[in-house]
Amino acid sequence: MVEASANLLSRIAAAPISWGVCEVPGWGFQLTPERVLGEMRDLGVVATEFGPEGFLPASPSDKSATLSDAGLKAVGGFLPIVLHDVDIDPVPAIEAELDSFVAAGATRLVLSADTGQVGYDSRPALSEQEWVTLLVNLDRLVQTAAARGVVASIHPHVGTMIESSDDVARVLNGSQIGLCLDTGHLLIGGTDPVELARSNAARISHVHLKDVRRELAERVQRKDLSYTDAVRLGLYAPLGSGDIDIASIVRSLEAAGYAGYYVLEQDTILTENPPVGQGPLSDVRISIDFIAGLATP
């Protein structure tokens with residue numbers, strides 16, 4: 001049982017990536033919004049992140065209406081953006097994106113420090129000056145989002161400029177931004193998500209719950225396998241089926257007073273359109289049942 005979890009089930013959200021919907025070109029077969037949102041609703045999910053550009057309508061009002069018509073609340077969205085280049089100001093692009101957040105009542109802006117390259121299979125090294133620029137931009141975007149009633153967090157992510165445990169420590173020590181605790185990406189990058197949830201709960205402003213098959217994660221760490229190929233082979237497992245102690249993470253966060261969403265994210269790559277009633281929703285159902293078990297006395 002998880003302490004202080006009376007409303008835990010009301011804070012389970014989803015993300016389109018669990019249905020294979022991704023911003024990376026050539027990622028795999030892309031399901032329609034109608035099917036993805038409908039399956040979320042049928043599973044009892046209460047809210048969703050927006051998904052990549054083009055998944056939902058571009059117009060803020062149309063985006064909000066699409067989610068409302070599907071019976072889903074808006075959590076917010078994941079936005080990869082270049083933060084380390086002194087010649088690129090990220091604020092105008094984020095300000096434009098926030099229009100959709102405000103229209104839909106979304107409160108969580110999830111940033112990743114984009115490399116400027118395509119995909120997540122490699123990343124360059126940052127100079128000291130580029131690190132300074134990145135950290136300054138993080139704090140600028142915290143203020144930009146807060147002015148619109150939105151909480152910004154940074155998402156450590158494989159193949160971005162904030163990936164490793166050293167990167168995470170540098171962000172914690174050098175900026176004011178909260179963390180998106182993505183249990184899978186943290187583990188692959190070398191950070192223990194269980195320990196991070198225990199020791200830095202106050203800095204966690206958003207949560208992506210992933211379970212991971214450690215053997216595949218270790219192959220990615222050793223560069224024996226690309227991240228994309230690992231996802232294709234089943235890197236992410238339904239919650240409770242992998243090697244991360246998800247229950248301990250939720251317990252730590254609940255005890256610390258975390259009141260936000262737990263977004264279920266088991267990234268997948270589809271090779272074809274699965275039959276109705278099959279495919280990704282089966283894995284998401286297992287994850288929901290796992291969280292429900294934690295909330296049961």
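Residues numbered from 1 in each chain as written. Predicted model: local features only at pLDDT ≥ 70, side-chain atom pairs only at ≥ 80, totals over all residues. Heavy atoms only, no water.

Undergrad: Hey, could you go over the side chain of Arg35 for me, with residue numbers and the actual values?
TA: Relative to the assigned elements, Arg35 resides in helix H1 (residues 33–42). Separated by 2.9 Å, the side chains of Arg35 and Asn273 make a polar contact. Engagement of the side chain of Arg35 in a polar contact is seen with the backbone oxygen of Pro274, the distance being 2.7 Å. Those residues within four positions of Arg35 in sequence are excluded, and the remaining contacts are Asn273, Pro274, Pro275, Val276, Gly277 and Gln278. (Helix = DSSP H or I, 4+ residues; strand = E, 2+ residues; numbered from the N terminus. Polar contact = N/O pair within 3.5 Å; in protein donor to acceptor, adjacent residues only side chain to side chain. Contact = heavy atoms within 4.5 Å.)

Undergrad: I'd like a rundown of the packing of helix H2 (residues 60–69) against helix H3 (residues 91–104), residues and numbers included.
TA: For any two helices packed against each other, one specifies the inter-axial angle together with the distance between the axes. Across the interface, H2 lies against H3 with an axial gap of 8 Å and an inter-helix angle of 40°. Judged on the interaxial angle alone, H3 and H2 are oblique. Crossing of H2 against H3: the hand is right-handed. Contacts from Pro60, Ser61, Lys63 and Ser64 in H2 reach Asp99, Ser100, Ala103 and Ala104 in H3. When grouped by side-chain class, the residues that make up the contact of H2 with H3 number three nonpolar, three polar and two charged. (Axes fitted to C-alpha atoms, helices over the stretch in contact; angles between N-to-C directions. Parallel < 35°, antiparallel > 145°, perpendicular 65-115°, else oblique. Left-handed = near helix turned anticlockwise from the far one by under 90°. Nonpolar A, V, L, I, M, F, W, Y, C, P; charged D, E, K, R; others polar.)

Undergrad: Any chance you could break down helix H8 (residues 214–221) for me, citing the residues and the numbers?
TA: Taken together, the buried positions of H8 are Leu216, Ala217 and Val220. Seen from one end, H8 has its buried residues packed into an arc of 100°, which puts them on one side. Lining the buried residues of H8 we find helix H6 (183–189), strand E8 (211–212) and helix H9 (227–232). Just downstream of H8, Lys223 is the residue with a positive phi angle, here 65°. (Buried < 20%, exposed > 50% of the residue type's maximum accessible area, 1.4 Å probe, protein only. Arc of directions from axis to C-beta.)

Undergrad: Account for the state of the cysteines, with residues named and values stated.
TA: Per the counting criterion, the structure on display carries zero disulfides. For the unlinked cysteine Cys22, the closest cysteine sulfur is that of Cys180, found at 15 Å. According to the relative accessible area criterion, Cys22 is buried, its value standing at 11%. (Disulfide = S-S within 2.5 Å.)

Undergrad: Could you give an account of the pairing of strand E5 (residues 151–154), with specific residues and numbers?
TA: Both strand E4 (residues 108–113) and E5 contribute to a ladder of four bridges, which runs parallel. The partner of Leu109 across the bridge, within E5, is Ala152. Where E5 meets strand E6 (residues 178–182), two bridges bridge the pair, whose relative direction is parallel. Considered in E6, the bridge of Ile154 is made with Leu179. In this fold, E5 hands off to helix H5 (residues 165–174), which returns the chain to E6; that crossover is right-handed. (Pairing = 2+ DSSP bridges. Right-handed = clockwise from strand over helix to strand, strands pointing away.)

Undergrad: Outline the pattern of salt bridges, supporting the account with residue identities and numerical values.
TA: Across all of its chains, the model carries 12 salt bridges by this definition. Ionic pairing is found between Arg11 and Glu254, a salt bridge with its closest N-O pair at 2.8 Å. Pair noted here: Arg11 is in the segment before strand E1 (12–14) and Glu254 is in helix H10 (residues 246–255), with a separation of 243 residues, a long-range link. Accessibility expressed as a relative area gives 4% for Glu254, which makes it buried. A salt bridge links Arg170 to Glu128, with the nearest nitrogen and oxygen atoms 2.5 Å apart. Separated by 42 residues along the polypeptide, Arg170 in helix H5 and Glu128 in helix H4 (residues 128–146) bring together distant segments of the chain. Residues participating in the shared-partner salt-bridge network are Asp182, Lys210, Glu265 and Asp267. (Salt bridge = Lys/Arg side-chain N within 4 Å of Asp/Glu carboxyl O.)

Undergrad: Go over the side chain of Glu265 with me, naming the residues and quoting the values.
TA: With respect to the helices and strands, the residue Glu265 is situated in the loop between strand E10 (262–264) and helix H11 (280–294). Using a relative accessible area of 7% as the deciding quantity, one classes Glu265 as buried. Not counting residues within four places of it along the chain, the set of residues in contact with Glu265 comprises Ala15, Ile17, Ser18, Glu49, Asp182, His208, Leu209 and Lys210.

Undergrad: Outline the sheet that holds E10, supporting the account with residue identities and numerical values.
TA: The eight strands lie next to each other as E1-E2-E3-E4-E5-E6-E7-E10, forming a closed barrel whose pairing is parallel. Between one strand axis and the next, the sheet turns by 30° as a mean value, whatever way the strands run. As judged from the three bridges shared by E1 and E10, these two strands associate in the parallel manner. Bridging across to E10, Ala14 finds its partner in Leu264.

Undergrad: Summarise the packing of aromatic side chains; cite the residues concerned and give the values.
TA: Using the criterion set out here, one finds three aromatic pairs in the structure. Where Phe50 meets Phe101, the ring centres are 5.2 Å apart and the plane angle is 90°; that geometry is what we call edge-to-face. You can see Phe50 sitting in the loop between strand E2 (47–49) and H2 and its partner Phe101 sitting in helix H3, a full 51 residues away along the chain. We note that Phe50, like Phe101, is buried. Arranged with centres 6.4 Å apart and planes meeting at 65°, the rings of Tyr227 and Tyr236 form a pair that is edge-to-face. Judged by relative accessible area, which is 3%, Tyr227 ranks as buried. You can call Tyr236 buried: its relative accessible area is 5%. Taking the ring centre of Phe50 as reference, the NZ or CZ of Lys63 above it sits at 5.0 Å. Above the ring of Tyr236, the side-chain terminus of Lys210 is found at 5.5 Å from the ring centroid. (Phe/Tyr/Trp six-rings, centres within 6.5 Å; stacked < 30°, edge-to-face > 60°. Lys NZ or Arg CZ within 6 Å of the ring centre and 35° of its normal.)

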